[in-house]
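# Understanding the architecture of this molecule
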Amino acid sequence: MSTTTSAPPRVLTVAGSDSGGGAGIQADLKTMLALGVHGMSVIAAVTAQNSVGVQGYWELPAEAVRAQFRSVVDDIGVQAVKTGMLASAELVETVAELLADVEAPVVVDPVGVSKHGDALLAASAVSVLRDRLLPVATVATPNLHEVAQLTGIVVTREDEMSDAAKALQQLGPAWVLVKGGHLEGEAADLLLGPDGAEHWFRAPRYDNRHTHGTGCTLASAIASELALGLAVPQAVAVAKEYVTGAIAGGFALGAGIGPVDHGWRLRSLPGS
């Protein structure tokens, strides 16, 4: 007896591989599975990475990134795309060109440095990301370090996040989510809409140092919820709730910073 099940919404991540499994492509696919969509990947770079840092990275040729993208999009199709680590100016340019013709929402996580402070984006690529990739973004999700890198604005207080979001929106994305996780107090994020409306999302701050992969996880969760049909503010709200639970469940691996727990909901089920 054969049965056919309809496919879940499809989400594509274009990012780097994290050999430690906590961030990057690996975190993206775990998040997508947890949230009920079908995750697919275009690997832009490979990192040698563990709990204490990034020991090295190697970007793939632009033709390999282009071939992976076309292979997936032309045959399977996408309901949302998320970008992460793109490493070089050439790859940022290549991905921006590919995304210009995609009608699905695009979530751009403008990855510049790792959780450990290791550079993941060439200095020469910052201006290309600013000028070419951000304008094709439905939602951009910078943390405060990336805000400074892209706009020159250094945010030290929550009341400075609004001006930072406005400066980022002027670079082209329809929506901007400025993540305030590096500030003191509550974990507060500000979403600025195309109409100028501000939406604040707050969550308790957990005393847990094992937060590797937080940014990748949040951006992938937003893309997943957009693929499932939610509007941007609702997608961000649901994604924030998911990543907050993942941070609360973060666990130790190795000698350094462990990952968030992408499977925290499964582990909370009776009998788990």
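For the structure given in this document, a descriptive report is provided here. Within each chain, residues carry numbers counting from 1 in the order of the written sequence. Predicted model: local features are reported for residues with pLDDT of at least 70 only, side-chain atom pairs are reported and counted for 80 or more only, and whole-chain, interface and lining totals are derived from all residues. Water and hydrogen atoms play no part in the side-chain values, which are based on all heavy atoms of the structure.

## Some words on the pattern of salt bridges
When the charged atoms of two side chains with opposite charge come close together, those side chains can pair. The rule for a salt bridge is simple: a side-chain nitrogen of Lys or Arg has to be within 4 Å of a carboxyl oxygen of Asp or Glu. On inspection of all chains with the given rule, the structure shows eleven salt bridges. Linking E158 and R202 is a salt bridge whose minimum nitrogen-to-oxygen distance equals 2.6 Å. You can see E158 sitting in the loop between helix 5 (144-151) and helix 6 (161-169) and its partner R202 sitting in strand 9 (residues 198-203), a full 44 residues away along the chain. Burial here depends on accessible area, computed with a 1.4 Å probe over protein chains only, as a share of the maximum for the residue type. Under 20% is buried, over 50% is exposed, and the range in between is partly exposed. Classification of E158 by relative accessible area gives partly exposed; the value is 31%. The class of R202 is partly exposed, set by a relative accessible area of 42%. Here K240 ties to D189 by a salt bridge, and the two come within 2.9 Å at their closest N and O atoms. Taken as a pair, K240 in helix 8 (residues 232-248) and D189 in strand 8 (residues 187-192) lie far apart in primary sequence, 51 residues in all. D189 shares its class with K240; the two are buried. A helix here means a DSSP run of H or I that spans at least four residues, while a strand means a run of E at least two residues long, and both kinds are numbered starting from the N terminus.

## Let's talk about the pairing of strand 1 (residues 10-18)
Moving residue by residue along a regular strand, the side chains alternate between the two faces of the sheet. In terms of residue burial, strand 1 counts as a mostly covered element, since eight of its nine residues are buried. At least two bridges found by DSSP between two strands are what make those strands a pair. Looking at chain direction, strand 1 and strand 2 (residues 38-50) are connected through nine bridges and run parallel. Bridge pairing in strand 2 links G16 to A45. A crossover gets the label right-handed when its path from the first strand over the helix to the second runs clockwise, viewed with the strands pointing away from the viewer. Handedness of the β-α-β unit built from strand 1, helix 1 (residues 24-34) and strand 2 comes out right-handed. Bridge count for strand 1 against strand 4 (residues 80-83) is four bridges, and the pairing is parallel.

## A look at the side chain of H262
The topology assignment puts H262 in the loop between helix 8 and helix 9 (264-267). Note on contacts: a residue pair is in contact if any heavy atoms of the two residues lie within 4.5 Å. Apart from the residues within four sequence positions on either side, H262 is in contact with G22, A27, K30, T31, A34, T217 and Y242.

## A closer look at the side chain of S220
The residue S220 is located in helix 7 (residues 214-227) in this model. For S220, a relative accessible area of 0% translates into the label buried. The definition of a polar contact used here is a pair of N or O atoms within 3.5 Å, where within protein one atom must be able to donate a hydrogen and the other to accept one, and adjacent residues in sequence count solely through side-chain atom pairs. Separated by 2.6 Å, the side chains of S220 and D28 make a polar contact. In this structure, S220 is in contact with D28, T31, M32 and K82, ignoring residues within four places of it in sequence.

## So, the packing of helix 1 against helix 7
The interhelical angle for the contact between helix 1 and helix 7, taken along N-to-C directions, is 40°, at an axis separation of 9 Å. On the basis of their axis angle, the class for helix 1 and helix 7 is oblique. Considering only the axes of helix 1 and helix 7, their crossing is right-handed. Touching G24, A27, D28, T31 and M32 of helix 1 are C216, T217, S220, A221 and S224, all from helix 7. Working convention: axes come from line fits to C-alpha atoms, limited for helices to the stretch in contact. Angles between N-to-C directions cover 0 to 180 degrees. Small angles under 35 degrees read as roughly parallel and large ones over 145 as roughly antiparallel, with 65 to 115 read as roughly perpendicular and the rest as oblique. Less than a right angle of anticlockwise turn of the near helix away from the far helix marks a crossing as left-handed, whereas a clockwise turn marks it as right-handed.

## Looking at the packing of helix 2 (residues 62-75) against helix 3 (residues 89-99)
Interhelical geometry of helix 2 versus helix 3 gives an angle of 25° and a closest axis separation of 10 Å. When the axes of helix 2 and helix 3 are compared, the pair comes out roughly parallel. Considering the relative orientation of helix 2 and helix 3, their crossing is right-handed. Note on element contacts: helix 3 touches helix 2 through E90, L91, T94, V95, E97, L98 and L99, opposite A62, V65, R66, F69 and R70.

## Notes on helix 6
Taken residue by residue, helix 6 has M161, S162, A164, A165, A167 and L168 as its buried positions. Elements in contact with the buried residues of helix 6: helix 5, strand 7 (175-179), strand 8 and strand 9.

## Regarding unusual backbone geometry
A positive phi angle, close to 70°, is found at A87, a residue other than glycine. Locating A87 in the fold gives a position in the loop between strand 4 and helix 3.

## Here's the deal with the nonpolar core
To form a nonpolar core, buried Ala, Val, Leu, Ile, Met, Phe, Trp, Tyr and Cys residues must be joined to one another through side-chain atoms within 4.5 Å. Counting residues in each nonpolar core, the largest one holds 45 residues, and the members touching the most others are L12, F69 and L133. No other element matches helix 3, which puts six residues into this core. Once you skip the residues sitting within four places of it in the chain, L133 turns out to touch T83, L86, V92, V95, A96, L99, V108 and V128. Listed in part, the 28 residues of the second largest apolar core include L35, V139, W175 and V232.

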